Amino acid sequence: MNTFSTATTISNIQVKNKVLSNTMRLLSYTLIFGGLASWFSVASGAGFGSAMISSIAAIVVIWFVLPKTQNSNKGILTAFAVAGLLGYSIGPMLIHYLAMPNGTDLVIQALTGTGVAFFGISFYAQNSKKDFSFLNGMIFFAMIGVIVLSLLNFFFIESSAFGLLMSFAIVMIMGAFMLSQMSAIINGGETNYISATVGLYLALHNMFTSLLHLLGAFSNDD
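Given the structure is predicted, the values throughout are model-derived calculations rather than measurements. (Residues numbered from 1 in each chain as written. Predicted model: local features only at pLDDT ≥ 70, side-chain atom pairs only at ≥ 80, totals over all residues. Heavy atoms only, no water.)

### Points about the overall build of the protein chain
Scanning the protein chain from N- to C-terminus turns up 8 helices and 0 strands. What you see for the protein chain is a C-alpha radius of gyration of 19 Å, in line with the 17 Å of a compact globule of 222 residues. Counting only C-alpha atoms and orienting by the principal axes, one finds that the protein chain spans roughly 65 × 30 × 30 Å. Taking all 222 residues of the protein chain together, the buried fraction comes to 40%. (Helix = DSSP H or I, 4+ residues; strand = E, 2+ residues; numbered from the N terminus. Rg over C-alpha atoms; globule rule 2.2 N^0.38 Å. Buried < 20%, exposed > 50% of the residue type's maximum accessible area, 1.4 Å probe, protein only.)

### Considerations on the layout of surface pockets
Of the pockets and cavities examined, the largest pocket occupies roughly 2,300 Å³. I147, I170, H205, N206 and T209 are the residues nearest the centre of the largest pocket, which is lined by 49 residues in total. Those elements that provide at least two residues to the lining of the largest pocket are α2 (48–69), α3 (74–89), α4 (91–98), α6 (135–157), α7 (160–187) and α8 (193–218). Ranked by residues supplied to the lining of the largest pocket, first place goes to α6 with 12 residues. Residues that form the lining of the largest pocket fall into these classes: 30 nonpolar, 17 polar and 2 charged. When its volume is computed, the second largest pocket comes out at roughly 520 Å³. Lining the second largest pocket are 22 residues, with L31, L111, T114, L204 and F208 sitting closest to its centre. The set of elements that each furnish at least two residues to the lining of the second largest pocket consists of α1 (2–43), α3, α4, α5 (103–128) and α8. (1 Å grid on protein atoms, 1.4 Å probe; cavity = no way out; pocket = protein on both sides within 12 Å on 5 of 7 lines; lining within 4 Å. Points joined across faces, edges and corners; volume = space filled by probe spheres on them. Nonpolar A, V, L, I, M, F, W, Y, C, P; charged D, E, K, R; others polar.)

### Describing the environment of S21
Tracing the sequence through the fold places S21 in helix α1. In the structure, S21 is positioned 164 residues away from I185 in sequence and 9.8 Å away in space, judged by C-alpha atoms. Engagement of the side chain of S21 in a polar contact is seen with the backbone oxygen of K18, the distance being 3.0 Å. (Polar contact = N/O pair within 3.5 Å; in protein donor to acceptor, adjacent residues only side chain to side chain.)

### Focus on the packing of α3 against α8
Between α3 and α8, whose axes approach to 9 Å, the crossing angle comes to 10°. Classed by the angle they form, the pair α3 and α8 counts as roughly parallel. Within the contact between the two elements, α3 uses G75, I76, A79, V82, A83, L86, G87 and S89 and α8 uses Y193, I194, V198, Y201, L202 and H205. Looking at the contact of α3 with α8 residue by residue, the class counts come to 10 nonpolar, 4 polar and no charged. (Axes fitted to C-alpha atoms, helices over the stretch in contact; angles between N-to-C directions. Parallel < 35°, antiparallel > 145°, perpendicular 65-115°, else oblique. Contact = heavy atoms within 4.5 Å.)

### A closer look at the confidence of the model for the protein chain
Per-residue confidence for the protein chain gives a mean pLDDT of 91; residues scoring 70 or more make up 92%. Predicted confidence in the protein chain is weakest over α1, with a mean pLDDT of 80, and strongest over α3, with 98. Below a pLDDT of 50 lies the segment residues 4–11, which in the model reaches 0 contacts outside its immediate sequence neighbourhood of four places, other chains included. (pLDDT = per-residue confidence, 0-100.)

### Observations regarding unusual backbone geometry
One non-glycine residue, K129, lies in positive phi territory at about 60°. Relative to the helices and strands, K129 is located in the loop between α5 and α6. Judged by its relative accessible area of 49%, K129 is partly exposed. Positive phi values are uncommon outside glycine, yet E158 reaches one of about 55°. Its location among the elements puts E158 in the loop between α6 and α7.

### Some details on the packing of aromatic side chains
Applying the stated criterion to the full structure yields 8 aromatic pairs. A centroid spacing of 6.0 Å and a plane angle of 40° characterise the contact between F132 and F134, whose relative ring orientation is tilted. Plain terms: the ring middles of F154 and F155 are 4.9 Å apart, the flat faces sit at 90° to each other, and that makes the pair edge-to-face. With relative accessibility at 52%, the residue F155 sits in the exposed group. Site record: aromatic cluster; members linked through ring pairs are Y124, F132 and F134. (Phe/Tyr/Trp six-rings, centres within 6.5 Å; stacked < 30°, edge-to-face > 60°.)

### Here we look at the nonpolar core
In this structure, F118, M178, M182, I185, L200, F208 and L212 are the most contacted members of the largest nonpolar core, which totals 50 residues. Listed by contribution, the elements that provide at least two residues to this core are α1, α2, α3, α4, α5, α6, α7 and α8. Residues within four places of M178 in sequence aside, it is in contact with F118, I121, L200, A203, L204 and M207. (Core = buried A, V, L, I, M, F, W, Y, C linked by side-chain atoms within 4.5 Å.)

The structure is reproduced here in structure tokens:
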């Protein structure tokens, strides 16, 4: 009985480690691909219209294509498609900030901040071994609230200060989501590395763009 229990424990650990390693590997590749897509978007002078279409296409792929492909090798192509579409979609935003006198520094700072946050959250989740799945409900309702308030601000309130508050909220929510997702991967709650990769990529994407918005505003050049 003890031998069976030990073998089961070892097997579970191996599965968890495999999901974690596969997620980190695929996430690294998709981040590089997304970065190249962003570079192409900037180099080609992509407009807001094409960026919006790219964002909508990414949402469609996440909602309708990913669930059907995440359990097969086609899911890897789906993950790259999401990364490419999201990467391309931020081209106009990058063009705007890079045109500033300190634009390059702002982009680097946003990238650095996002990277430090991710590695810090990953390190904490790995070492604490805590289950942060209790955050999922709060994250969901917080995101719904941010989306509704952002739409109200865009169409009615039109307050730049309120927009900054929403960006700050998104940074916090994405940090909580990454903590929950990494915890699920490490503790065995997430067994599909493709869906895990897409979720983490989306969180990193949103955190980066929100940080860039905040940094741009506080640089007094936005």
